[in-house]
Amino acid sequence: MKRLSVFLVTMLASLTTMADWEVNMPRGVTPTANAAYDLHMLIFYITVVIGIVVFGVMFYSIFHHRKSKGAKPASFHESTTVEIIWTVIPFVILVGMAIPATKTLIMMEDTRNSEITLKVTGYQWMWKYDYVEDDVAFFSKLDSDSNEARQLGSKKDVNKVDNYLLNVDNEVVLPTDTKIRILLTASDVIHAWWVPELTGKKDAIPGYVNELWIDIKKPGVYRGQCTELCGKDHGFMPIVVRAVPKQEYTKWVSLNQKNRVADKSK
Amino acid sequence: MSANIDHLKEEHHQPSGLMRWITTTNHKDIGSLYLWFSLLMFFVGGLMALIIRAELFQPGLQFVVPGFFNQMTTMHALIMIFGAVMPAFVGLANWQLPMMIGAPDMALPRLNNWSFWILPFAFTMLLSTLFFESGGPAAGWTLYPPLSLQGGNSMPFVIFSLHLLGASSILGAINVIATILNMRAPGMTLMKMPIFVWTWLITAFLLIASMPVLAGAITMLLTDRFYGTSFFTAAGGGDPVLFQHIFWFFGHPEVYILILPAFGIVSTIIPAFSRKKLFGYDSMVYATASIALLSFIVWAHHMFTVGMPLAGEIFFMFTTMLIAVPTGVKVFNWVATMWKGSMTFETPMLFALAFIILFTIGGFSGLMLAITPADFQYHDTYFVVAHFHYVLVPGAVFAIIAAVYYWLPKWTGKMYNETLGKVHFWMTTIFVNITFFPMHFVGLAGMPRRIPDYAVQFTDFNMIASVGAFGFGLSQLLFVYILFLTLKQPVTAEDKSWEGAEGLEWTLPSPAPYHSFDTPPKVE
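From a predicted model like this one, the values you see are computed outputs, not experimental measurements.

### Side note on the sheet that holds strand E7 (residues 199-204) of chain A
Residue and element names in this part refer to chain A.
Then, in step 1: Strand order in the open sheet formed by 5 strands is E4-E10-E9-E6-E7, and the pairing between neighbours is mixed. Taken across any chain shown, the strands that pair with only one partner, and hence form the sheet edges, are strand E4 (172-175) and E7. Strand-to-strand twist of the sheet, defined as the mean angle between neighbouring strand axes without regard to direction, takes the value 25 degrees.

So this is what it looks like as structure tokens:
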């Protein structure tokens, strides 16, 4: 009973204070994430239109062709013409979807001409980042505040934790307006690296090196999570990327090259 | 001939009590066993879903540790797929196929008994792993290595039970094919078969083709774990992605195994309550066959994010999109069947109509998922969870419930309470949407699947989904109550329980005789 009342109070509190009824994919800050968003909306609108037409006909029929309204059943049960039409039209619509989708896909998979390379390695349950050209490397894992609050029976209120489950001890710092190639691999099991506003996800697989590219157009902090089940703490290995202007990035690199010794041993 | 049959009947000494059910070779008995077993598993898997939804009611961990949460998601899927939906369809096949094609029983009755009785043992073994010290399987029902190779002692037990379930399915499928191809009444050519028979025939071929592939994949997992092979471990020169290719080569046909019989049921019920013949019977058959064939060349859309070559990504995107064509044909045909019909809305029809709408919504999200660049965003989020629950719950499960209401008077000779049936329908439909629709939103907003805890911005929709899940679970207790009430009544149902029902099963008395057709009926 006490638990129930706690539930109801939290439910009400959450509805009023931190109501965040996000229903759609966030718009991205990179060409690739934006292209995915645009495709998503395009296909969504197409399916909405198809849905309105098909369900419209269906509901018209449900309301008008019912026995209680005295409807007498017709006897037709096939029509080659109609059947060909509704095979061909969907096919044409699909071709219309496939063209922009293929273009976007080709653009997304083109990792050539990148300026810097970030190597990401998945571990149970943290990420390691290697700045290949700049000789910076560090591990990044869930920050201690979230980690305390997430324990079963923790007294800490998760709503008061800063970016609960989406905060790390060491942020990834990346420059804006730079084509960045991200190499993905893993040391134990399969993980997936995903920051929705930056790019779609890709798996980090032991024995494989996968590629992604991003070009961040807007400075800011972007958060994401591991998205391939990787064991008990799969839900607790977030990703935080801080995108800064190039100059600031260069400064950050020089600072961290000096301080890298502690992590280098790993 | 008839003297012979009478003689056989006299000889038919049936054991009573428990032995009757253990030794039975009768298609109706075995059908009932399958259906009751499926109902039980539906509640076991449902209980696991409720543990998941209770934990996800609000952020932070309240009830279970993450390791146990992963066991729940894994077991929920395995139980629902292999224990609830598949046996339910086999149960329906057992009851209906002989009656629909004018046969006395299934072609291979002893095999039939065996394929059912494997199931309780397999699931006892599977469920027992939850009580192991190292817990049950927790790597997801897809058992991806290397994670699944890290699992505790449950792994060989899970693999052995999956082998048993696969064997049971293959035996069942062989029986279905043998029955349909050999035991049809004179005059019933293939293209005159009821559409449910067609969908099951095609499903049976899918089972035979895909189950051995699963068996191969999990056997390789087993040898990797215990016999020093390295099929899937990179350190030994193996390839973790290979498992995913093999698994989904089974997994995608499996998806259609779970939905094709549902298509058959809906294609039976819609014409019955529209009092009009199914529109485009031939194209329905061809569409079903095309979906089945396509299911073997789309598997990698489950793994777009593993880093396939561009050409591979494009190929699997195109083939996946193509599935929309035959699926669309089916939906259009159903709508055309209703068009200018004379509809009434008894419970089976309501479930069938909800199936069309909600399954189509699942189809739409499926089309969105087919678009590779967009899938990079959707993959492994709650958007995917919403998608497959829309096609499996208001899809497959609604069709099963519709079938039970539709054929219950034929099976038992007793009519269910229509008012309660409608209450059950509305509660189920409302709660299923409250449960699964918000999952689209949190998925798009960035919530990954298979996590026991989430960032606070996902709280509101998760609370709604949890409330819906408990409502859905409770509504199904009403279903059990309706079944109980029905079975308690005296026999009153007419032979043809529905005005617009077509098919040989309605020419039999209600309840149908133990050996459906002693003499084959004539089909003109």
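### Let's talk about empty space enclosed by the protein
Then, in step 1: On inspection of all chains with the given rule, the structure shows 3 cavities of 30 Å³ or more.
Then, in step 2: Of the pockets and cavities examined, the largest cavity occupies roughly 90 Å³.
Then, in step 3: Lining the largest cavity are Tyr 34, Phe 82, Met 86, Pro 87, Val 90, Leu 119, Leu 165, Ser 168, Ser 169, Gly 172, Trp 200 and Leu 207 of chain B.
Then, in step 4: Of all elements in the fold, only helix H4 (66-101), helix H6 (154-182) and helix H7 (195-226) of chain B reach the threshold of two or more residues within the lining of the largest cavity.
Then, in step 5: Of the residues that constitute the lining of the largest cavity, the class distribution is 9 nonpolar, 3 polar and no charged.
Then, in step 6: Looking at the second largest cavity, its volume works out to about 80 Å³.
Then, in step 7: Around the second largest cavity, the lining residues are Thr 32, Met 108, Glu 109, Thr 199, Gly 200, Lys 201, Lys 202, Leu 212 and Trp 213 of chain A together with Phe 376 of chain B.
Then, in step 8: Counting residues per element, the ones that place at least two in the lining of the second largest cavity are E7 and strand E8 (210-214) of chain A.
Then, in step 9: Here the element with the most residues in the lining of the second largest cavity is E7 of chain A; it accounts for 4 residues.

### Describing the layout of surface pockets
Residue and element names in this part refer to chain B.
Then, in step 1: Put simply, the second largest pocket is a space of about 750 Å³.
Then, in step 2: Looking at the second largest pocket, it is lined by 26 residues, and the ones nearest its centre are Lys 192, Pro 194, Lys 277, Glu 502 and Gly 503.
Then, in step 3: Per-element accounting of the lining of the second largest pocket gives the leading share, 4 residues, to helix H9 (residues 260-274).
Then, in step 4: The residue makeup of the lining of the second largest pocket, split by class, is 14 nonpolar, 4 polar and 8 charged.

### Here we look at the interface of chain B and chain A
Then, in step 1: With 98 residues of chain B at the interface, the matching set in chain A holds 96 residues.
Then, in step 2: For the pairing of chain B and chain A, the buried interface totals around 8,400 Å² over both sides, and the portion due to carbon and sulfur atoms is 71%.
Then, in step 3: Across the chain B-chain A interface, the total number found is 1 salt bridge.
Then, in step 4: Measuring nitrogen to oxygen at the nearest pair gives 2.7 Å for the salt bridge that ties Lys 67 of chain A to Glu 499 of chain B.
Then, in step 5: For the pair chain B and chain A, the interface holds 22 residue pairs in polar contact (both at pLDDT 80 or more).
Then, in step 6: Residue assignment for the side of chain B that touches chain A shows that the elements contributing at least two residues are H4, helix H8 (240-257), helix H11 (310-322), helix H12 (324-338), helix H13 (347-370), helix H14 (372-378), helix H16 (418-444) and helix H17 (459-488) of chain B.
Then, in step 7: Looking at which element gives the most residues to the side of chain B that touches chain A, the answer is H12 of chain B, with 9 residues.
Then, in step 8: Considered class by class, the residues forming the side of chain B that touches chain A number 59 nonpolar, 26 polar and 13 charged.

### So, the environment of Trp 114 of chain B
Then, in step 1: For Trp 114 of chain B, the location among the structural elements is in helix H5 (residues 109-128).
Then, in step 2: Each C-alpha atom of the pair Trp 114 of chain B and Val 176 of chain B lies 14 Å from the other, and the pair is 62 residues apart in sequence.

### A short note on the sheet that holds strand E1 (residues 116-123) of chain A
All names here are of chain A.
Then, in step 1: Ordered by their spatial adjacency, 5 strands build an open sheet running E3-E2-E1-E5-E8, and the pairing between neighbours is mixed. Of all the strands in the sheet, just strand E3 (136-140) and E8 have a single pairing partner and so form its edges. Recorded for the sheet is a direction-independent mean angle of 20 degrees between the axes of neighbouring strands.

Rules of the game
- Residues numbered from 1 in each chain as written.
- Chains lettered and ligands numbered in written order.
- Predicted model: local features only at pLDDT ≥ 70, side-chain atom pairs only at ≥ 80, totals over all residues.
- Heavy atoms only, no water.
- Pairing = 2+ DSSP bridges.
- Helix = DSSP H or I, 4+ residues; strand = E, 2+ residues; numbered from the N terminus.
- Axes fitted to C-alpha atoms, helices over the stretch in contact; angles between N-to-C directions.
- 1 Å grid on protein atoms, 1.4 Å probe; cavity = no way out; pocket = protein on both sides within 12 Å on 5 of 7 lines; lining within 4 Å.
- Points joined across faces, edges and corners; volume = space filled by probe spheres on them.
- Nonpolar A, V, L, I, M, F, W, Y, C, P; charged D, E, K, R; others polar.
- Contact = heavy atoms within 4.5 Å.
- Buried area = accessible area lost by both parts, 1.4 Å probe.
- Salt bridge = Lys/Arg side-chain N within 4 Å of Asp/Glu carboxyl O.
- Polar contact = N/O pair within 3.5 Å; in protein donor to acceptor, adjacent residues only side chain to side chain.

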